[in-house]
Each structure stands twice: as C-alpha cells, then as structure tokens.
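# A structural walkthrough
As a plain string of letters, each chain reads:
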Amino acid sequence: MLSKMSATSVLPMCVRASRGLLRLRSGSSSTAAVDIIRTLSVDKPTAGTGSATGGLAQAILQEKLQQQQQVQRQSLPEGKEGEREGEQTDDKKQKENTAYAKKMVLRLAGFMGLGGAVGIVYIFGTNSVDEQGNTIPDEFDSDPPVVQQLKRTFKYFKDYRQMIIEPTSPKLLPDPLKEPYYQPPYTLVLELTDVLLHPEWSLATGWRFKKRPGIDYLFQQLAPLYEIVIFTAETGMTAYPLIDSIDPQGFVMYRLFRDATRYMEGHHVKDVSCLNRDTSKVIVVDCKREAFSLQPFNGMALKKWDGNSEDRTLYDLANFLKTIALSGIEDVRAVLENYALEDDPIEAFKRRQAQLAQDEEQRLAELSQQKKQGLSLSSITSRFWRSKQQ
C-alpha cells in the first residue's frame, strides 16, 4: 500500500521535472526554471522515497539554472569587448589612413615646389636673346651651367626688388621748358588721396572718391605761378582716371605714381632730388610727413581730409602758396621751416596773417597820429613866427 502511494506521488513529480528539463534545453528563460522549482517545492511528497526523488530533481534544476546564468554573464562582456575591439580597430585604421594621406600630400607639395623652383631657375637663369634670337653674352658665361642659371636668377630677383624700392628713374620729370615756352618759377607737388580726394566704401557702391571743395580754385589760382604735379602713392591704374575727372582743363602738367616713390621703412617716400627741379623752388603738399621725410623742409603736412563738405582748406592753401610766389621767395625751405612743427600749417598761416594785419593797422594808426601831431606842432610854430614878425 505504501509502495503504491509512493510510486503514485513520484510519477507526477518526475513528469514535472522532465518538463522543466525540456524547457531548459530548449533555451527558455531563467524565470520558467524558477517557476518549476517553486512548483516542485510546493508539491512535496509525504513519503521518504518521494522526498528523495524530488530533492534530486530540484538539485538538478538548480545546477542547470546556475550554469545558464553563468553562460549569460560571460556572453555579455564578451560581446562588449568585441564591440570595443572593433571600434579600436576602426579608429586605428582611420588614423593610419589620415597619416598616409598627409604624407602623400606633403610629398606631392614637395615635388611641386621642387619642380617650380627648377622651372624658375630655368626660365630666369637663361641668357637673354636679341630680336634675331641670338644669345646675349653676360658676365656669367664662364661659370658652370648650373652656377650660371643660379646667378642669373639671383640677379634678376635682386634687380626686381631694387626696382620696387628705388624710383623708376633718377629724373622723374623732363627738363624745364625753355623759351618761347613758359616755365613757372615754382613747382607744386600734390598728393591725391586724402588731400584732393577722399576714398569712401559702401556695400552698395564699392569704392568711391569724393572731390574736395576748392580744387578748381586751387588750380586756377596757382597754374600761372606753379608747375603743378600730382605725385601720389596710388598706382597709375587707379589714379589716372581720377586725375582726369578732377582736372578736365589740364592744369596738371605731370603725373607721378607709386613706382616713382622710394620705399623706405614701410612708407612710399617722394624724393624731391629725383624731380629734376631746383629743390629751393619745390613745395610738397601731403597729409603724411613720412612722404617727404628725405627733405622735411620742402613739404607741408596738411590734416587728413575726412570728407567734410564744409572744408575750406584748399582755399586757404591757395592763398598761402600764392603769397609765397608773389613775394618772390628765393628759397621756399626758409618759409616752410617755420611751419615744420605745426600740426596744422594752414591754421598757423592764418593766425600769423591776422597778426600781421593787426600789426600793420596799428602801425598805420601810429603814423597817422604822428602826422597829426606834426601838423599841429607846425601850425603852432608858424603862428608864433608870424606873430613875432608883426
């Protein structure tokens, strides 16, 4: 009777255990295994044989569950490590490709630079030829071919640099006119930018140049007395049409541009000694003192014009230069030296002119008073003499 009961109780437990094992083998989740263990723990047999069999099945299921959990724990880090190793491999390949590309670019740039240098040496180091195509000999013909090429190239660039620094000619102006042509006694050298014109830029119009008030008056008043020369630091391409626009009547006799200046310490200097004129009769008008730094007493530094339409500087400048010319000054440097330290020489000239006019009025007043006193004294003397004779 007892054996029958034990067999009867063991049979459902074995069936349940076998079902649990089938679920574990088929890859079911750990939750199903836990449910099976709970089921087995609830349906405990009453007999000793059933207890032993149920405990054995429960131990087997627990062992299987622990093995499955260990496999899951191991498989997750291994996947992450595989992903990390893959990312590291991709980064390494990308860095290697970038380094290779940089190396190739540098090599290509080096080859191009070397080829360009060789081409420059070949082009500028070859002998010059005449109109018939014959080679013109020079001082480097006795050197080896490679040395010839290098020396000629060096000489070419040296001459080109010298051309930029030095004026284009030691005589920038032609010889003075001779009779029957009229040559003005003085030479006036004017800067274009910020003295006669003011550059303005806007997004809508780009660069535009505003004409300063008094340009026409200046030219008309000084043309008979001065040889007017526009000498600007601008390029000829920029300045030539601008001069045409401000001087339609042709008062400007000569035009000089940036290539005629002497480049010194970052400034374009106008060398008066290269103008082929008597320096004692040359006046340079500019807004930068560096423009006439080689001959500081030949120049006047005006204030930079800001485009104000009410400006009257050119009218006052015309009166100042006209006064010098009409006074017949032998050496203009003696006059301009007095204004060399002035921030605004035109204002200084106006102050001195006003002071001279005031002194002249005072002198005339004193003379008239002396004349009146002399007349009164002579009248008294004549009356006394007449009364004495009577």
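Note that the structure is a prediction, hence the values are computed from the model and not measured.

Okay, a nonpolar patch on the surface next. A grouping of W201, L203, W207 and F209 is seen on the molecular surface, where their side chains present a nonpolar patch of about 550 Å² in accessible area. Its place among the elements puts W207 in strand β3 (residues 206-211).

Omega for the peptide link from E179 to P180 comes to 10°, which places this bond in the cis form. Turning to its location among the elements, P180 is positioned in the loop between α4 (145-165) and β1 (186-190). Notably, D194 is not glycine yet its phi reads approximately 70°, a positive angle. Among the secondary structure elements, D194 is positioned in the loop between β1 and β2 (197-202). In the Ramachandran plot, N276 falls in the positive-phi region, its phi being about 65° despite a non-glycine side chain. Positionally, N276 belongs in the loop between β7 (267-269) and β8 (282-286).

Glancing now at the UniProt feature "transmembrane region" (unreviewed entry) in the chain. Per the UniProt record, "transmembrane region" (unreviewed entry) is annotated on residues 104-125. Helix makes up 95% of residues 104-125 and strand 0%, and the two end C-alpha atoms of the span are 31 Å apart.

L196 and Y226 are the most contacted members of the largest nonpolar core, which totals 40 residues. Elements supplying a minimum of two residues to this core: β1, α5 (215-222), β4 (226-231), α6 (236-246), β8, α7 (313-326), α8 (332-336) and α9 (345-389). Of all the elements, α7 adds the most residues to this core, at seven residues. Excluding residues within four positions of it along the chain, Y226 makes contact with P184, Y186, T187, L188, I283, L321, I324 and A325. Residues L172, L173, V272 and L275 belong to the second largest nonpolar core, which totals 16 residues.

The subject of this paragraph is the sheet that holds β4. Taken together, the five strands give an open sheet; going across it, the order is β5-β4-β1-β8-β9, and neighbouring strands pair in parallel fashion. Two strands lie at the open edges of the sheet, namely β5 (254-256) and β9 (299-301), each paired on one side alone. Averaged over all neighbouring strand pairs, the angle between strand axes comes to 20°, with direction disregarded. Sheet topology places β8 next to β9; three bridges connect them, and they run parallel. Of the residues in β9, the one forming a bridge with D286 is A301.

Evaluated as defined, the whole model comprises 17 salt bridges. Measuring nitrogen to oxygen at the nearest pair gives 2.6 Å for the salt bridge that ties E191 to K270. Linking E191 in the loop between β1 and β2 with K270 in the loop between β7 and β8, this pair joins segments that are 79 residues apart in sequence. Of the residues examined, K270 reaches a relative accessible area of 2% and is grouped as buried. A salt bridge links R255 to D244; the nearest nitrogen and oxygen atoms lie 2.7 Å apart. Residue R255 is located in strand β5, and its partner D244 is located in helix α6; the two are separated by 11 residues in the primary sequence. D244 sits in the partly exposed class, given a relative accessible area of 37%.

Let us now look at α6. Among the residues making up α6, those that are buried are A239, L242, I243 and I246. Along the axis of α6, the buried positions cluster into a sector of 105°, meaning they face one direction only.

Turning our eyes to something else, we now look at the packing of aromatic side chains. In total, this model carries six aromatic pairs according to the counting rule given. A centroid spacing of 5.5 Å and a plane angle of 40° characterise the contact between Y186 and Y226, whose relative ring orientation is tilted. A residue pair is termed long-range when its members are at least 10 positions apart, and Y186 in strand β1 and Y226 in strand β4 qualify at 40 residues. You'll find Y186 and Y226 in the same group, each marked buried. Ring plane angle 40° and centroid distance 5.2 Å describe the contact between Y217 and Y315, whose orientation is recorded as tilted. Residue Y217 is found in helix α5, and its partner Y315 is found in helix α7; the two are separated by 98 residues along the sequence.

Now for the pairing of β1. Burial analysis of β1 places five of its five residues in the buried class, the great majority of the element. Both β1 and β4 contribute to a ladder of five bridges, which runs parallel. Residue pairing for β4: V189 is matched across the bridge by V229. Across four bridges, β1 lies against β8 in parallel orientation. Directly across from L188, in β8, lies its bridge partner I283.

With that out of the way, let us pick up the environment of A340. By the secondary structure assignment, A340 is in the loop between α8 and α9. Separated by 39 residues in the primary sequence, A340 and A301 place their C-alpha atoms 8.1 Å from one another. With sequence-adjacent residues up to four places away left out, A340 is seen in contact with R289 and F297.

Rules behind the numbers
- Residues numbered from 1 in each chain as written.
- Predicted model: local features only at pLDDT ≥ 70, side-chain atom pairs only at ≥ 80, totals over all residues.
- Heavy atoms only, no water.
- Patch = residues over 30% accessible without salt bridge, like charges linked within 9 Å, V, L, I, M, F, W, Y side chains within 5 Å.
- Areas by Shrake-Rupley, 256 points an atom, 1.4 Å probe, with all protein chains shown as cover.
- Salt bridge = Lys/Arg side-chain N within 4 Å of Asp/Glu carboxyl O.
- Helix = DSSP H or I, 4+ residues; strand = E, 2+ residues; numbered from the N terminus.
- UniProt positions renumbered as here; feature names shortened; annotations may be inferred.
- Core = buried A, V, L, I, M, F, W, Y, C linked by side-chain atoms within 4.5 Å.
- Buried < 20%, exposed > 50% of the residue type's maximum accessible area, 1.4 Å probe, protein only.
- Contact = heavy atoms within 4.5 Å.
- Pairing = 2+ DSSP bridges.
- Axes fitted to C-alpha atoms, helices over the stretch in contact; angles between N-to-C directions.
- Arc of directions from axis to C-beta.
- Phe/Tyr/Trp six-rings, centres within 6.5 Å; stacked < 30°, edge-to-face > 60°.

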